[in-house]
Amino acid sequence: MAQTVLLDPTRVGDEIPHEERPRSALGRFLSRIGIPPALAWGFAGVLIFMTGDGVESGYLSPYLVSMGFTEHDVALLFTIYGLSAAIAAWLSGALSDLWGARRVMLTGLAIWGLLQVGFLLVALPARSLPLMLLFYGIRGFGYPLFAFGFLVWVVTTVNPGRLGSAVGWFWFCFTGGMPTLGSVFAGYTIPHIGPIATLWLALGLVMLGGAMALGGIREKHGNVHAATADKHPLKTLFASLSIAWERPKVGLGCIVRAIDTSAEFGFLVCLPLYFMHDLHFSLGQWLLVLQAIFISNVIWNLLFGILSDWLSWRGTVMLGGGVGSAISTLLLYWCPTHFGPEHMLPTLFAGALYGMTLAAYVPLSALMPYLAPDDKPAAMSLLNLGAGASVWIGPAIVYLFEPRFGIFGVMITYAGIYLLSACLAWFLTLDPALQAELDRSRRAVARSK
């Protein structure tokens, strides 16, 4: 059994660590609302970076079809992109152990920028699917290395008494950029300058966000790598997989994270057809439901992060995320089916409720590193591996269950796995001594406000 490692004594206890005591009025304000002042530029950079990354999310697929590519070609392109992103999500934590979080973020920024240039200058003008698979497909490594590399930086740096708030702000910036602000940006620029110029502007946003984060953060922990990294690089890299059986709770947390957004990705496959073809919603009405989901999710990503520091990381995930998402998933089926397109309010409420309950999984990003406090980056790698797996699990459920059981069977299945995640989250308990130190840290944070 691995030895229990308590928190760094300089970072817990009755006093807040000195480096987290902001001296300026702005620093005190940021600290009060849950943003660590030393990492503030990182949060701003992630927001701008993910806005640039999300610019293409609403129009690239139909644009490529309009260029003469088949839907099958486009599906293959996005499949390769998703596979790259899933691998990079796992690598973000493993490489942070090996290199340090700052270098991982820089690598992600470089991959995104260079391959976007190749995609725009070479692949698109040539209208070559193999070149697009090369440049755009591999570009999928970029955003997870940058964004999740920063998340590793956050969880290995921030005082545990305010970690729920910090990861809440991370997911607020992440989802606020992609797809929310990114889609708004594209909706404004495409009518004025066209789709290709918009993709060049997206590159500019990504570079700006990267420069803000990497140039603005002076916090030193982003340069720290594991003590064994130089002597045993492969062992350090694959520790993020072996930790799943060395610490089974971390493996359970990975499964919970995979369940978290699986339905979200599955909904994008099956619900547009169900709403518009079976229930006769208009495209505009369906898009309103999507907006209700995403806007609610962005807001509650932040709120649940803050609330979980006062309540319980595990309890928020278990009850708000697992049980809550099971209920809201069934309502997202029942409300439009029962009320139809003539009465939109109940359906919009169900969509907003689903976005809210989905956000209750946010504290899992704070809980996971303390399930393996002696190897937080490895635990975060497994968490991010779960995030990548959800991209495949959600659509796979639609593929397996919809032909035989219809949309009702799909929604019941999603509700069932959400309840399963609540049961698994019950077992994500911390070592009692570690839990006591976390509670002391929370009380110290509360007294400092």
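Residues numbered from 1 in each chain as written. Predicted model: local features only at pLDDT ≥ 70, side-chain atom pairs only at ≥ 80, totals over all residues. Heavy atoms only, no water.

## Looking at the overall build of the protein chain
Turning to step 1, where the next piece is worked out: When you go through the protein chain residue by residue, the secondary structure sums to 18 helices and zero strands.
Turning to step 2, where the next piece is worked out: Against the 2.2 N^0.38 benchmark of 22 Å for 449 residues, the protein chain shows a C-alpha radius of gyration of 22 Å, consistent with a compact globule.
Turning to step 3, where the next piece is worked out: Once the C-alpha set of the protein chain is aligned to its principal axes, its extents read approximately 60 × 50 × 45 Å.
Turning to step 4, where the next piece is worked out: Among the 449 residues that make up the protein chain, the fraction classed as buried is 56%.
Turning to step 5, where the next piece is worked out: Across the protein chain, every contact between residues at least 6 apart in sequence was considered, and the portion connecting residues at least 24 apart equals 84%.
Turning to step 6, where the next piece is worked out: Total accessible area computed for the protein chain in this model is approximately 19000 Å², and 71% of it derives from carbon and sulfur atoms.
Turning to step 7, where the next piece is worked out: On the protein chain, the mean spot of the 25 positive side-chain charges and the mean spot of the 24 negative ones are 9 Å from each other. (Helix = DSSP H or I, 4+ residues; strand = E, 2+ residues; numbered from the N terminus. Rg over C-alpha atoms; globule rule 2.2 N^0.38 Å. Buried < 20%, exposed > 50% of the residue type's maximum accessible area, 1.4 Å probe, protein only. Contact = heavy atoms within 4.5 Å. Areas by Shrake-Rupley, 256 points an atom, 1.4 Å probe, with all protein chains shown as cover. Lys, Arg positive; Asp, Glu negative; His and termini not counted. Charge placed at Lys NZ, Arg CZ, Asp CG, Glu CD.)

## Here's the deal with the pattern of salt bridges
Turning to step 1, where the next piece is worked out: Evaluation of the coordinates by the stated rule reveals four salt bridges.
Turning to step 2, where the next piece is worked out: The partner of Asp53 in a salt bridge is Arg139, and the shortest N-O contact between them spans 3.6 Å. One end of the pair, Asp53, is in helix α2 (residues 40-54); the other, Arg139, is in helix α6 (residues 129-139), and 86 residues separate them in sequence.
Turning to step 3, where the next piece is worked out: Assessed through its relative accessible area of 2%, Asp53 is described here as buried.
Turning to step 4, where the next piece is worked out: Ionic pairing is found between Arg247 and Asp374, a salt bridge with its closest N-O pair at 3.0 Å. With Arg247 in the loop between α10 (233-246) and α11 (248-260) and Asp374 in the loop between α16 (364-371) and α17 (376-425), this residue pair connects regions lying 127 residues apart in the sequence.
Turning to step 5, where the next piece is worked out: In this structure, a network of salt bridges that share partners links the residues Asp53, Glu56 and Arg139. (Salt bridge = Lys/Arg side-chain N within 4 Å of Asp/Glu carboxyl O.)

## Re the nonpolar core
The tendency in soluble globular proteins is for nonpolar side chains to be buried as a group.
Turning to step 1, where the next piece is worked out: With 121 residues, the main nonpolar core has Phe150 and Phe170 as its most contacted residues.
Turning to step 2, where the next piece is worked out: A per-element tally of this core places α17 first, with 17 residues.
Turning to step 3, where the next piece is worked out: Ignoring anything within four residues of it in the chain, the contact list for Phe150 reads Leu39, Gly42, Phe43, Val46, Met105, Phe170 and Ile217. (Core = buried A, V, L, I, M, F, W, Y, C linked by side-chain atoms within 4.5 Å.)

## Notes on the packing of aromatic side chains
Turning to step 1, where the next piece is worked out: Scanning all chains against the criterion turns up 28 aromatic pairs.
Turning to step 2, where the next piece is worked out: Ring plane angle 50° and centroid distance 5.0 Å describe the contact between Phe275 and Trp286, whose orientation is recorded as tilted. Placement of the pair is Phe275 in helix α12 (residues 262-278) and Trp286 in helix α13 (residues 283-310), with a sequence separation of 11 residues.
Turning to step 3, where the next piece is worked out: Residue Trp286 is classed as buried on the basis of its relative accessible area of 4%. (Phe/Tyr/Trp six-rings, centres within 6.5 Å; stacked < 30°, edge-to-face > 60°.)

## Describing α17
Turning to step 1, where the next piece is worked out: With 50 residues, α17 should reach 74 Å at 1.5 Å per residue; the first-to-last C-alpha distance of 18 Å falls well below that figure.
Turning to step 2, where the next piece is worked out: At Phe405, α17 shows its largest bend, some 135°. (Expected span 1.5 Å × (residues − 1). Bend = angle between axes of the 7 residues up to and from the residue.)

## Some thoughts on the side chain of Asn297
Turning to step 1, where the next piece is worked out: Considering the arrangement of structural elements, one finds Asn297 in helix α13.
Turning to step 2, where the next piece is worked out: A distance of 3.0 Å separates a polar side-chain atom of Asn297 from the backbone oxygen of Gly355. (Polar contact = N/O pair within 3.5 Å; in protein donor to acceptor, adjacent residues only side chain to side chain.)

## Points about α12
Turning to step 1, where the next piece is worked out: In this model α12 runs 23 Å from its N-terminal to its C-terminal C-alpha over 17 residues, within 8% of the 24 Å that 1.5 Å per residue would give.
Turning to step 2, where the next piece is worked out: In the structure, α12 departs most strongly from a straight axis at Cys270, where the bend amounts to approximately 40° and where the proline Pro272 lies between one and four residues downstream.
Turning to step 3, where the next piece is worked out: The set of residues buried in α12 consists of Ser262, Ala263, Glu264, Gly266, Phe267, Cys270, Leu271, Pro272, Tyr274 and Phe275.
Turning to step 4, where the next piece is worked out: On its buried face, α12 is in contact with α11, α13, α14 (313-339), α15 (344-359) and α17.

## As for the confidence of the model for the protein chain
Turning to step 1, where the next piece is worked out: A residue-level look at the protein chain finds 90% of positions with pLDDT of 70 or above and a mean pLDDT of 86.
Turning to step 2, where the next piece is worked out: Throughout residues 1-19 the model reports pLDDT below 50, and contacts reaching past four residues in sequence, or to other chains, amount to 44 contacts. (pLDDT = per-residue confidence, 0-100.)

## Section: the packing of helix α4 (residues 71-99) against helix α5 (residues 101-126)
Turning to step 1, where the next piece is worked out: As a packed pair, α4 and α5 sit with axes 7 Å apart at the nearest point and diverge in direction by 125°. One element, α4, and the other, α5, form an angle in the oblique class. Like other packed secondary-structure pairs, α4 and α5 cross with a definite hand, here right-handed. Here Ser92, Leu95, Ser96 and Trp99 of α4 come into contact with α5, specifically with Ala101, Arg103, Val104 and Thr107.
Turning to step 2, where the next piece is worked out: Of the residues assigned to the contact of α4 with α5, the class counts are four nonpolar, three polar and one charged. (Axes fitted to C-alpha atoms, helices over the stretch in contact; angles between N-to-C directions. Parallel < 35°, antiparallel > 145°, perpendicular 65-115°, else oblique. Left-handed = near helix turned anticlockwise from the far one by under 90°. Nonpolar A, V, L, I, M, F, W, Y, C, P; charged D, E, K, R; others polar.)

## Structural notes on the packing of α2 against helix α8 (residues 163-193)
Turning to step 1, where the next piece is worked out: Packing of α2 against α8 leaves a shortest axis separation of 6 Å and a crossing angle of 30°. Taken together, the axis directions place α2 and α8 in an arrangement best described as roughly parallel. Judged by the twist between their axes, the crossing of α2 over α8 is right-handed. Two secondary-structure elements touch here, α2 through Phe43, Val46, Leu47, Met50, Thr51, Asp53 and Gly54 and α8 through Ala166, Trp169, Phe170, Cys173, Phe174, Gly176, Gly177, Met178, Leu181, Gly182 and Ser183.
Turning to step 2, where the next piece is worked out: Class assignment for the residues of the contact of α2 with α8 results in 11 nonpolar, six polar and one charged.

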